[in-house]
Amino acid sequence: MSSADKEAFLAVYRQIEQDLIGDFEKLPGLSPTLVDQLKEYYSTCLPYTVPGGKMTRGLTVIKGVEVLKQRPLTEKEYFDAAVLGWQVEWLQAFFLVADDIMDGSITRRGNPCWYRQPNVTQDNAINDALILENMIYKTLRRHFKSHPSYVHLLELFLDTTFQTEVGQHIDTNGTPYAEGKRAPLDLGRFTLDRYQGCVRYKTCYYSFYLSCALALAYCGYPPESDLYIKADAVCMRLGEYFQIQDDVLDAFAPPEILGKIGTDIEDAKCSWLVCKALELVTDEQKKVLEENYGKHDAEGVQKVKDLYRELKLEELFHEYEDEQKAACDELIAKIEPESFQELFKFLLGKIYKRQK
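Definitions and cut-offs
- Residues numbered from 1 in each chain as written.
- Predicted model: local features only at pLDDT ≥ 70, side-chain atom pairs only at ≥ 80, totals over all residues.
- Heavy atoms only, no water.
- Helix = DSSP H or I, 4+ residues; strand = E, 2+ residues; numbered from the N terminus.
- Rg over C-alpha atoms; globule rule 2.2 N^0.38 Å.
- Buried < 20%, exposed > 50% of the residue type's maximum accessible area, 1.4 Å probe, protein only.
- Contact = heavy atoms within 4.5 Å.
- Phe/Tyr/Trp six-rings, centres within 6.5 Å; stacked < 30°, edge-to-face > 60°.
- Lys NZ or Arg CZ within 6 Å of the ring centre and 35° of its normal.
- Expected span 1.5 Å × (residues − 1).
- Arc of directions from axis to C-beta.
- Core = buried A, V, L, I, M, F, W, Y, C linked by side-chain atoms within 4.5 Å.

Undergrad: Looking at this structure, how should I read the overall build of the protein?
TA: Of regular secondary structure, the protein possesses 14 helices and four strands. Compactness check: the protein gives a C-alpha radius of gyration of 21 Å against a globular reference of 21 Å for 356 residues, within 12% of the reference. Oriented by its inertia axes, the alpha-carbon framework of the protein measures out at about 65 × 55 × 35 Å. Counting every position in the protein, which comprises 356 residues, the buried fraction comes to 54%.

Below, the structure written as structure tokens:
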């Protein structure tokens, strides 16, 4: 079994799910009918919200342990690494269920968002997001309570969750609220400085750094090891590149390929596209953004996309993409031990010129 074996990875998911569903049977004071209702509901919720993505975050933990051990993993090491990998996927599920509600998103991974399921609704989905987060800590306790790095593993998840929620706040308040509704659009808030802060906290830590740090912690590297600092430097670069890709795909990729309907324009998000557009527009072109950005109106959204094309932002992105690839290669080449470079080459290979 290796980081390339998705079936083996999914088999570990099924074991974790079975354990978590079994936990409902241990709750005191509930009738068998209520326990059955809980088990039935979450037996649908978990496979709908947790697996189904590309699983890169989770598989990266396994790859990281392989690289650090520099040998094939034992069955126990593979299982442990896969359990940790699935906790990153569980964290992702928690974030996405909540994020889709906040953004009013329609689809996720080619299906209706969880909160849009007729038997779920927003009321249940908010609570489900909280339960998904709690399940991470139940699983860590179940499998790692006696592991020498248990506290460090817990702290990595706690810190990453906080960092990501800070990023979500920055993202949600690109256009702030006032008196219970969105304040008037202020394009002056859409700066690359704000964007980079948002990306660092909303994307880089949980999508890239966490998986690498978990592999290091599991393999016994103490928190003060400089490998965490080296991993952080590369992951911040990879994460920014990944998020800018995401912004471009949100605007231009067909929904059937992307697996979701992009809503960054309607939601007045501080995206790379609008930040770059504001650096390039004439006064006349800026009016298009002032009149249409942040409006839930298909014609207005199309006008913004047409402006992006007029400004050749896709072409600018492809230039940026090549520059980022070269910068990442340079950073990775400086990492010692050299074997650890394989992990970041693996990550870069997963995202370079991706289409979804």
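Back to the write-up after that little detour.
Undergrad: Is there a simple way to explain the side chain of serine 271 in this structure?
TA: Position of serine 271 relative to the elements: it lies in the loop between α9 (255-258) and α10 (272-280). Under the relative-accessibility criterion, serine 271 is labelled buried at 4%. Aside from chain neighbours lying at most four places away, what touches serine 271 is Tyr195, Asp247, Asp264, Tyr293 and Tyr308.

Undergrad: Explanation requested: unusual backbone geometry in the structure shown.
TA: Backbone geometry follows two general trends: most residues other than glycine have a negative phi, and most peptide bonds adopt the trans configuration. With an omega dihedral of 5°, the bond running from glutamate 336 to proline 337 counts as a cis peptide bond. Following the sequence through the fold, proline 337 ends up in the loop between α13 (313-333) and α14 (341-351). Unusually for a residue other than glycine, arginine 109 sits at a positive phi of about 55°. Judged by relative accessible area, arginine 109 falls into the partly exposed class, the value being 27%. Unlike most non-glycine residues, threonine 121 shows phi in positive territory, near 65°. With respect to the secondary-structure elements, threonine 121 resides in helix α5 (residues 121-144).

Undergrad: What's the story with the packing of aromatic side chains in this structure? I'm lost.
TA: Aromatic ring pairs are reported here in terms of the distance separating the ring centres and the angle at which the planes meet. All told, the structure shown has 19 aromatic pairs when counted by the stated rule. A centroid spacing of 5.1 Å and a plane angle of 35° characterise the contact between phenylalanine 94 and phenylalanine 95, whose relative ring orientation is tilted. Residue classification places phenylalanine 94 among the buried positions, given a relative accessible area of 6%. Arranged with centres 5.5 Å apart and planes meeting at 55°, the rings of tyrosine 201 and tyrosine 205 form a pair that is tilted. Of the two residues, tyrosine 201 and tyrosine 205 are both situated in helix α7 (residues 192-218); the distance of four residues between them amounts to about one turn of the helix. Among the aromatic residues, those joined into a cluster by ring pairs are Phe24, Tyr41, Tyr42, Tyr48 and Trp114. Between the NZ or CZ atom of lysine 325 and the centre of the ring of tyrosine 352, over which it lies, the distance is 5.4 Å.

Undergrad: Would you take a moment to explain α13 for this structure?
TA: Residues spaced three or four apart along an α-helix face the same direction, because each turn holds 3.6 residues. With 21 residues, α13 extends 30 Å from end C-alpha to end C-alpha; this agrees with the ideal 30 Å at 1.5 Å per step. Among the residues of α13, Leu313, Phe317, Tyr320, Glu321, Gln324, Ala327, Cys328 and Ile332 are the ones counted as buried. For α13, the buried positions fall inside an angular range of 140° around the axis, keeping them on one side. Along α13, exposed side chains directed more than 90 degrees from the buried face belong to Glu323 and Ala333. As for α13, its buried residues are in contact with α8 (226-252), α10, α12 (298-310) and α14.

Undergrad: It is not clear to me how the nonpolar core should be interpreted in this structure. Could you clarify?
TA: The nonpolar side chains of soluble globular proteins are, as a tendency, buried together. Counting residues in each nonpolar core, the largest one holds 112 residues, and the members touching the most others are Trp86, Trp90, Tyr308 and Phe344. The contacts of phenylalanine 344, once residues within four sequence positions are left out, are Cys212, Ala231, Val234, Cys235, Ile332 and Ile335.

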